[in-house]
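These are the residues of each chain, in order.
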Amino acid sequence: MSENRKNRVKDINDCYNVCDVVAGYNYYRRVLTEKCLGMFKFENCPENLKQEQLEKRIITDGYAIVFKHNKYGLVTSPSSIYGEDIYFLPTKATYTQVVLGSGNLVIGKNCAIIYNSAIDQERPQGLTPLIDRYARLLADFDSSIANIVINSRTQKMGMAKSANAATALKDALTKVYAGAPATINTNTFIDMVKTLDWSDNTNIGVNVDKLLTARTKTMSDFLQEIGVKSAFEKNERLITDEVAANDQLLTINTDDMLYCRQEGVKMVNKLFGTNITVRHNSAYYIKGNETETTKEGKANDTE
């Protein structure tokens, strides 16, 4: 067997573990985190204060500290925050990093802090709970869809009378899945293996379609949570007031996060004399068919 074919057979054993929800969860966690990283745009940042580093800290930890390093200038770093003011908000930060070293900082004096949201000021978590919840749901849908699809071509299951026959059957099917030709020894194989009905494919199309729709709706719900106008709902069916209400909801979902980032940036600018700004990323707000309305909506607009 060629090396490439051996690799295909090995890969097929891994990728056809369709119940591996953990692998799906890790995949979607990465995908959803990546989508969150572009929600906001930081501008006029110094060279070593990278937007992606700020947002990764804010999204995963619920906050990011900014301080002036003796060698690298303004930077951010993974950190711990502690202490309390009159509102029980942290007053100090400490960081440890391989390149930057370590240090103790005082928030508002030699260190600024940018929160993800108001609630993160009390219990910093960022968007991690949101990402984790949707990643698990999406992984469950993928696992269910994969199981149905695999079972659709496994209407009969082999039954072997011995471990050797079972191994031979498994090896043959594995090669077939990988696109390789398979051979069996008919003298010992046929009498040792029987088949039985395994799955009913009567409603497979309906079931898969429902799961695909549910998965799409779940992804749509996540995107709306982070302020992205979804293409899932057909806005041409909505009247003008309903469209406006939906758009307002998207704004509410992210306005607090924007406000907290702006307040954090104000602290950075005040402490270190910078002119950093932050805003919504306009690329995340798709106009789509939002201006289309039903006749009822148009009538209401003209009254």
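Rules of the game
Residues numbered from 1 in each chain as written. Predicted model: local features only at pLDDT ≥ 70, side-chain atom pairs only at ≥ 80, totals over all residues. Heavy atoms only, no water. Pairing = 2+ DSSP bridges. Helix = DSSP H or I, 4+ residues; strand = E, 2+ residues; numbered from the N terminus. Axes fitted to C-alpha atoms, helices over the stretch in contact; angles between N-to-C directions. Buried < 20%, exposed > 50% of the residue type's maximum accessible area, 1.4 Å probe, protein only.

1. Structural notes on the sheet that holds strand 5 (residues 92-97)
Thinking step 1. Pairing in this open sheet of three strands is antiparallel, and the strands run 4-5-6 from one edge to the other. Where the open sheet ends on each side, the last strands, each with one partner, are strand 4 (79-82) and strand 6 (101-106). Strand-to-strand, the axes of this sheet are offset by a mean angle of 15 degrees, without reference to chain direction.
Thinking step 2. Judged from the four bridges that link them, strand 4 and strand 5 form a sheet pairing that is antiparallel. Pairing of Ser80 across the sheet is with Thr94, part of strand 5.

2. A closer look at the sheet that holds strand 2 (residues 63-69)
Thinking step 1. The sheet built from three strands is open, its strands ordered 3-2-7 with antiparallel pairing. A strand with exactly one partner marks an edge of an open sheet, and here the two such strands are strand 3 (73-77) and strand 7 (111-115). Strand-to-strand twist of the sheet, defined as the mean angle between neighbouring strand axes without regard to direction, takes the value 25 degrees.
Thinking step 2. In this structure, strand 2 lies alongside strand 3, joined through five bridges in antiparallel fashion. Across the sheet, residue Ile65 finds its bridge partner in strand 3, namely Ser77.

3. Topic: unusual backbone geometry
Thinking step 1. The phi dihedral of Asn44 is positive, around 65 degrees, even though this residue is not glycine.
Thinking step 2. Structurally, Asn44 can be placed in the loop between strand 1 (40-43) and helix 3 (51-61).
Thinking step 3. At Phe88, a residue that is not glycine, the phi angle is positive and equals roughly 65 degrees.
Thinking step 4. By the element assignment, Phe88 lies in the loop between strand 4 and strand 5.
Thinking step 5. Residue classification places Phe88 among the exposed residues on the basis of a relative accessible area of 62%.

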